[in-house]
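Here are the chains, one letter per residue:
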Amino acid sequence: MSFTNTELNGEEQAKYFQWFIVLMCCYAFVYLATMMTAGKARFKYFTKDFMAQFNQEHQEAFGADAPAGGHPDDGNGYYAQKLSYADWYNYNNTVRSHMNFLETAIPVAVMVLITSIFQPLWALICAAGLVTGRILYAIGYRVKGPKGRVCGAIIVDLALIGAFIGAIVSLS
């Protein structure tokens, strides 16, 4: 159901759009929190003491000690090979939850924004699903591993389908 300009500029539609904007700000905050959690994990596992085992080799190649945080290792590189299995697994689960969010953030934001132009209530519902799903996804993945992300992934996927359909409807 599309709205005329008068209806779109009406108080009810404006209210939905305003709440949509608030939820998209929450979505951005959830992304920031997920990113910061991954960064915190990096320094939890690739500590200065852990990285000291690479100092001699790093000195020879670059003239400086190996950096705390293990950059540029993404969890499957040279430094991560020396992590215990449990540390490697936990670190990669945390990073994967962040990277999955990053991989979809822009297309999702664009689809939901397009939906909000003519379907602000639909966009609001999709945004609420995205925020809720992303929180559950990140926490579940970090705490329980890949199986812990399922509930959040289902919610996010349903919201994505809704946003995709809403964008198509808004553009037609």
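Residues numbered from 1 in each chain as written. Predicted model: local features only at pLDDT ≥ 70, side-chain atom pairs only at ≥ 80, totals over all residues. Heavy atoms only, no water.

Q: What exactly am I supposed to notice about the overall build of the protein chain here?
A: Scanning the protein chain from terminus to terminus reveals seven helices and zero strands. Helices and strands in the protein chain line up, N terminus first, as α-α-α-α-α-α-α. For the protein chain, the C-alpha radius of gyration of 21 Å lies well beyond 16 Å, the compact-globule estimate for 172 residues. Counting across all 172 residues of the protein chain, residues that qualify as buried make up 41%. As displayed, the protein chain has an accessible area near 10,000 Å², and 67% of this comes from carbon and sulfur atoms. Once the 12 positive and 12 negative side-chain charges of the protein chain are each reduced to a mean point, those two points are 8 Å apart. (Helix = DSSP H or I, 4+ residues; strand = E, 2+ residues; numbered from the N terminus. Rg over C-alpha atoms; globule rule 2.2 N^0.38 Å. Buried < 20%, exposed > 50% of the residue type's maximum accessible area, 1.4 Å probe, protein only. Areas by Shrake-Rupley, 256 points an atom, 1.4 Å probe, with all protein chains shown as cover. Lys, Arg positive; Asp, Glu negative; His and termini not counted. Charge placed at Lys NZ, Arg CZ, Asp CG, Glu CD.)

Q: How should I be thinking about a nonpolar patch on the surface in this particular structure?
A: Among the surface-exposed residues, V150, I154, L158, I161, F164, I165 and I168 lie close enough to one another that they form a single nonpolar patch of about 660 Å² accessible area. Examined against the element boundaries, V150 turns out to sit in helix α7 (residues 150-171). We classify V150 as partly exposed; its relative accessible area is 44%. (Patch = residues over 30% accessible without salt bridge, like charges linked within 9 Å, V, L, I, M, F, W, Y side chains within 5 Å. Salt bridge = Lys/Arg side-chain N within 4 Å of Asp/Glu carboxyl O.)

Q: What am I meant to see in unusual backbone geometry here?
A: Of all residues except glycine, most have a negative phi; of all peptide bonds, most are trans. A cis amide bond links H71 with the next residue in sequence, P72, at an omega value of 10°. Within the secondary structure layout, P72 lies in the loop between α4 (55-62) and α5 (85-118).

Q: Even after reading the chapter, I still don't get the environment of L158, so can you show me in this structure?
A: Locating L158 in the fold gives a position in helix α7. Along the primary structure L158 and F54 are separated by 104 residues, whereas in three dimensions their C-alpha atoms are 45 Å apart.

Q: Which parts of the structure should I look at to understand the nonpolar core?
A: Soluble globular proteins: nonpolar side chains tend toward being buried together. One finds F20, Y27, V112 and L130 to be the most contacted residues of the largest nonpolar core, which totals 23 residues. Those elements that place two or more of their residues in this core are α2 (11-45), α5, α6 (120-144) and α7. Leave out the neighbours within four places in its chain, and L130 touches Y27, V108, V112, V156, A159 and L160. Counting 12 residues, the second largest nonpolar core, distinct from the first, contains Y45, F46, F54 and Y91. (Core = buried A, V, L, I, M, F, W, Y, C linked by side-chain atoms within 4.5 Å. Contact = heavy atoms within 4.5 Å.)

Q: Is there a simple way to think about the environment of L130 in this case?
A: Looking at where L130 falls in the secondary structure, it is placed in helix α6. Classification of L130 by relative accessible area gives buried; the value is 0%. Each C-alpha atom, one on L130 and one on Q59, is 45 Å from the other, the two residues being 71 residues apart in sequence.

Q: Help me out: how do you make sense of the confidence of the model for the protein chain in this one?
A: Detailed reading of the predicted model is not advised wherever pLDDT is low. Overall, the prediction assigns the protein chain a mean pLDDT of 91, with 95% of residues at 70 or greater. Across the protein chain, element-level confidence peaks in helix α3 (residues 48-51) with a mean pLDDT of 96 and bottoms out in helix α1 (residues 5-8) with 55. (pLDDT = per-residue confidence, 0-100.)

Q: Help me out: how do you make sense of the packing of aromatic side chains in this one?
A: The description of two aromatic rings rests on the distance between their centres and on the angle between their planes. Going through the model one piece at a time under the given rule, you end up with 13 aromatic pairs. When the ring of F54 is compared with that of Y78, the centres are 5.9 Å apart and the planes differ by 55°; the resulting orientation is tilted. Taken together, the positions of F54 in the loop between α3 and α4 and Y78 in the loop between α4 and α5 put the pair 24 residues apart, joining distant regions of the chain. Judged by relative accessible area, F54 falls into the buried class, the value being 4%. Note on Y137 and Y141: the rings are 5.8 Å apart at their centroids and 80° apart in plane angle, and the pair reads as edge-to-face. Taken together, the positions of Y137 and Y141, both in helix α6 and four residues apart, correspond to about one turn of that helix. Here Y137 falls in the buried class, since its relative accessible area comes to 5%. Look at Y141 and you get buried, because its relative accessible area is 6%. One cation-aromatic arrangement involves R134 over F101; the distance from NZ or CZ to the ring centre is 4.8 Å. (Phe/Tyr/Trp six-rings, centres within 6.5 Å; stacked < 30°, edge-to-face > 60°. Lys NZ or Arg CZ within 6 Å of the ring centre and 35° of its normal.)

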